[in-house]
Structure formats: C-alpha cells, structure tokens
Amino acid sequence: MYLTAEVKKSIFKKHGKSEKNTGSSEGQVALFTHRINHLTGHLQKSPKDVNTQRSLLNLVGKRRSLLDYIKNTDIARYRAIIKELEIRK
C-alpha cells in the first residue's frame, strides 16, 4: 500500500505542526498532494480508469478549497506551502 500509517505520520510531521495534528490545513494539503501524485502516476499507466480519474478530480477540488482558505487567512503560509510542495510549475 502506498499510504501507510508511517507515511502519513511523516507527512504530518513535516508539513503540520506535529504528527498528531492531522487537522492542520497545511498537513491536509500535503496529504492530498501525495495522493494526487500517486493517482496521476496510476492514470498515466491506465488512462481508461474512469473511477480513478473522478477520484483525482475530487481530490484536486478539495485541495483547491483548502488552499483558498489558507490564502484568505494568511498569504505568507499560502506562499510557503505552494513553494514547499511545488504545486505551481
């Protein structure tokens, strides 16, 4: 499995405040980004998988909503998370 408990803990420890703080916006965005990257790789191998494509679009929408929230509350945090996760090319 690509997303084990250890991987989640490391994501939240790196991007959230701690590994137990799973509700932080930055941690959630980092987790969504990890899942989006995994699903993108899967779709490149099997482009006819419509269910995965739909799930990917839902995840992108959720991440966009969280990023909009972070942008409206603290623009410095938004810029830092965008740069750290390399979301914008």
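On a predicted model such as this, the values are computed, not experimentally measured, just so you know. (Residues numbered from 1 in each chain as written. Predicted model: local features only at pLDDT ≥ 70, side-chain atom pairs only at ≥ 80, totals over all residues. Heavy atoms only, no water.)

### Comments concerning the overall build of the protein
Alright, step 1. Helix and strand counts for the protein come out as 4 helices and 0 strands.
Alright, step 2. When its helices and strands are written in sequence order, the protein yields α-α-α-α.
Alright, step 3. Contacts in the protein between residues far apart in sequence, at least 24 positions, make up 46% of those at least 6 positions apart. (Helix = DSSP H or I, 4+ residues; strand = E, 2+ residues; numbered from the N terminus. Contact = heavy atoms within 4.5 Å.)

### Some thoughts on unusual backbone geometry
Alright, step 1. Residues other than glycine seldom take positive phi values, yet Glu86 does so here, at roughly 55 degrees.
Alright, step 2. Here Glu86 shows up in the segment after α4 (75-85).
Alright, step 3. Judged by its relative accessible area of 57%, Glu86 falls in the exposed class. (Buried < 20%, exposed > 50% of the residue type's maximum accessible area, 1.4 Å probe, protein only.)

### What to know about the environment of Gly27
Alright, step 1. Tracing the chain through its elements places Gly27 in helix α2 (residues 25-45).
Alright, step 2. Along the primary structure Gly27 and Lys8 are separated by 19 residues, whereas in three dimensions their C-alpha atoms are 9.3 Å apart.
Alright, step 3. If sequence neighbours within four positions are ignored, Gly27 has contacts with Ile11, Phe12, His15 and Gly16.

### A word on α4
Alright, step 1. Buried residues of α4: Tyr78, Ile81, Ile82 and Leu85, and no others. Each buried residue of α4 lies within a common arc of 100 degrees when the element is viewed along its axis, so the set occupies one face. Projecting away from the buried face of α4 at angles above 90 degrees are the exposed residues Ala76, Arg79 and Lys83.
Alright, step 2. Elements that come into contact with the buried residues of α4 comprise α1 (5-15), α2 and α3 (50-73). (Arc of directions from axis to C-beta.)

### Observations concerning the side chain of Thr52
Alright, step 1. Tracing the sequence through the fold places Thr52 in helix α3.
Alright, step 2. On the basis of relative accessible area, Thr52 is assigned to the buried category, the value being 13%.
Alright, step 3. Within the structure, the side chain of Thr52 is placed 2.6 Å from the side chain of Asp49, a separation counted as a polar contact.
Alright, step 4. With residues near it in sequence (within four places) discarded, Thr52 still touches Leu39, His42 and Leu43. (Polar contact = N/O pair within 3.5 Å; in protein donor to acceptor, adjacent residues only side chain to side chain.)

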